[in-house]
Amino acid sequence: MGCCSSSGPKYEEYDWVELPIAAKQAAEKLGYDKKKWDGGKECTYDDYDWDELPDEQKKAAAVLGYDQATWDA
């Protein structure tokens, strides 16, 4: 349940410095910063199911390659 074992499916192998600007902005909306992303730390919304995410965070998760099935897996 939830994202964020240092990335979304689309950017799984990326370090923070390699992320496109839109992906960094999306990650920040989910509670990431460079240290959390590169360190594989949980994000703010990690314990949320997709249906519990605010709309802004759903959009951010989608930028990172998530949808309901991958987020809730």
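Our subject is the structure listed above.
Residues numbered from 1 in each chain as written. Predicted model: local features only at pLDDT ≥ 70, side-chain atom pairs only at ≥ 80, totals over all residues. Heavy atoms only, no water.

What follows is about the overall build of the chain. For the chain, the helix and strand inventory stands at four helices and zero strands. Of the regular secondary structure in the chain, the N- to C-terminal order runs α-α-α-α. Counting only contacts in the chain whose residues sit at least 6 apart along the sequence, the fraction spanning at least 24 positions is 58%. Total accessible area on the chain is roughly 4300 Å²; 46% of this is exposed by carbon and sulfur atoms. (Helix = DSSP H or I, 4+ residues; strand = E, 2+ residues; numbered from the N terminus. Contact = heavy atoms within 4.5 Å. Areas by Shrake-Rupley, 256 points an atom, 1.4 Å probe, with all protein chains shown as cover.)

What follows concerns the nonpolar core. Ranked by size, the top nonpolar core spans 18 residues in total, and within it Leu-30, Tyr-32, Trp-37, Leu-64 and Trp-71 carry the most contacts. Secondary structure elements with two or more residues in this core: helix H1 (21-29) and helix H3 (55-63). If one sorts the elements of this core by residue count, H1 sits on top with three residues. (Core = buried A, V, L, I, M, F, W, Y, C linked by side-chain atoms within 4.5 Å. Buried < 20%, exposed > 50% of the residue type's maximum accessible area, 1.4 Å probe, protein only.)

Before going further, it helps to spend a moment on the packing of aromatic side chains. Scanning the model with the defined rule gives six aromatic pairs in all. Aromatic pair Tyr-11 and Tyr-14: ring centres 5.0 Å apart, planes at 80°, arrangement edge-to-face. For Tyr-11, a relative accessible area of 9% puts it in the buried group. When the ring of Tyr-32 is compared with that of Trp-37, the centres are 4.9 Å apart and the planes differ by 75°; the resulting orientation is edge-to-face. (Phe/Tyr/Trp six-rings, centres within 6.5 Å; stacked < 30°, edge-to-face > 60°.)

Geometric values such as these leave the question of function open.
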